[in-house]
Every structure is written in structure tokens, then in C-alpha cells.
Amino acid sequence: MSAPEFSRIERADTIGEGERTIRIEADEAERAALARRFELKSVDSLEAEFRLRRDAAGITAHGHVRGAVVQACVVTDEPVPVAIDEPVALRFVTDDIAGEGEIELDEDALDTMLYDGAAVDLGEAAAETMALALDPYPRGPGAAAALRAAGVVSEDEVTPLNAFAGLKAKLEGN
């Protein structure tokens, strides 16, 4: 497995009981590599701020991931600019804690990421948060016209099929 394109390692032994704020930002080469990985036209900016704290179950991270990316329209391949502004609530846990079985989730539950017990990768956490925030089927402003020109109708234009329409015509004919 190759190293992540945007890696910002934070050693676990530097994270104390109190909250610690860490800011990270991807450089040009890292953004270009992330664009290739996530099949984006470009990643124009990517930054994150995390508030880290240790607790009995691992390391918690709260914060925000912000950025600007350009996706490709799934219909026309036109560029679709997207602003990213995602809250982050993560718990980094080791395999032994993650493997303890069922975990109860409540409304304050955090997304879980595995780590080796020695260090967490905040860059990879930011990259994955960015990717999950993207529309999997982005459409640009010309998509509707291109679909119409290709003969594809929208959901609003579809007449629902009625299983009894043919039966009614036969009954009226008798």
C-alpha cells in the first residue's frame, strides 16, 4: 500500500488530556495527487482544522475541512466547481479497541478511523472527509439540455405506468 498523497502525521504521545488545535493545508503537489486519486479535474484548495484530545477509547478529533474542487459533470464532462465546508467528528481507535465487538451509537457518535496506536494521519482524514462530501453524480449547467438532446426525459416528464390501463380499455370495449 502506498503512502497517502496528503499525509500529516500527529504522534499520539504529543496529544495530551487537554484539547490541542492543529491546522493543516495541502500544497500544490498534494492537491494534484488528490485530484488524480479521486478523479477530479482539480483540487484548488484543501485545509483543515482539528481539535484533538485523548480519551479512554482513543483520540477524538473535531473540526472542519474546507476546500475548493472542480468535478467533471457526469453528462457533459464540463467543469463543476464545488466548495467544501464539512464538519468533522472522528475517533481514532486501535485494532484492539475496534475489535471489541458491538459499539453503541448515540447522537453524539463519532465516525471511527483505525490507527496504529503511535500516530494519526490528519491529512488522510481531511482527504477522506473531502471525498465523502462530494456529489457522486455532479451535473453542470448544460447537463439538462444535453440529456434532452439525447432523448433522455426527466422524472417529471415520465408518465407512470398503470397496470390497469389496458384492462380498463378492454372492459369498455365489451
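Residues numbered from 1 in each chain as written. Predicted model: local features only at pLDDT ≥ 70, side-chain atom pairs only at ≥ 80, totals over all residues. Heavy atoms only, no water.

> Mind showing me how you'd approach unusual backbone geometry here?
Glycine aside, residues mostly have negative phi, and peptide bonds are mostly found in the trans state. One non-glycine residue, Glu 39, lies in the positive phi region at around 55°. With phi around 70°, Asp 77 is a residue other than glycine that occupies positive phi space. Residue placement: Asp 77 occurs in the loop between strand S4 (58-72) and strand S5 (79-93). (Helix = DSSP H or I, 4+ residues; strand = E, 2+ residues; numbered from the N terminus.)

> Whenever I open this one, the side chain of Thr 129 confuses me. Can you help?
Positionally, Thr 129 belongs in helix H3 (residues 122-133). Accessibility expressed as a relative area gives 15% for Thr 129, which makes it buried. Residue contacts for Thr 129: discarding those within four places in its chain leaves Val 65, Glu 86 and Val 88. (Buried < 20%, exposed > 50% of the residue type's maximum accessible area, 1.4 Å probe, protein only. Contact = heavy atoms within 4.5 Å.)

> Teacher, can you tell me more about helix H1 (residues 28-37) here?
Along an α-helix, residues three or four positions apart point the same way, because every turn accommodates 3.6 residues. Turning to H1, its buried residues are Glu 30, Arg 31, Ala 33, Leu 34 and Ala 35. Contacts from the buried residues of H1 go to strand S2 (20-25), strand S3 (42-55) and H3. For H1, the side-chain oxygen to backbone nitrogen distance between the N-cap and Ala 29 is 3.1 Å, and the N-cap itself is Asp 27. Two residues or fewer after H1 comes Glu 39, characterised by a positive phi angle close to 55°. (Polar contact = N/O pair within 3.5 Å; in protein donor to acceptor, adjacent residues only side chain to side chain.)

> What should I look at first to understand the nonpolar core in this one?
As a rule of thumb, soluble globular proteins bury nonpolar side chains together. Ranked by size, the top nonpolar core spans 31 residues in total, and within it Phe 50 and Phe 92 carry the most contacts. Contributions of two or more residues to this core are made by S2, H1, S3, S4, S5 and H3. When sequence neighbours within four positions are dropped, the list of residues in contact with Phe 92 reads Ala 57, Gly 58, Ile 59, Ala 61, Met 113, Tyr 115, Val 120, Leu 122 and Ala 125. (Core = buried A, V, L, I, M, F, W, Y, C linked by side-chain atoms within 4.5 Å.)

> Help me understand the packing of aromatic side chains in this model?
By convention here, two paired aromatic rings are described through the distance between centres and the angle between planes. Under the defined criterion, the tally for this structure stands at one aromatic pair. Each ring, one from Phe 92 and one from Tyr 115, has its centre 6.4 Å from the other, and the planes form 85°; the classification is edge-to-face. Taken together, the residues Phe 92 in strand S5 and Tyr 115 in the loop between strand S6 (111-114) and strand S7 (119-121) connect sequence positions 23 residues apart. Look at Phe 92 and you get buried, because its relative accessible area is 2%. (Phe/Tyr/Trp six-rings, centres within 6.5 Å; stacked < 30°, edge-to-face > 60°.)

By themselves, these observations are geometric and do not establish any function.
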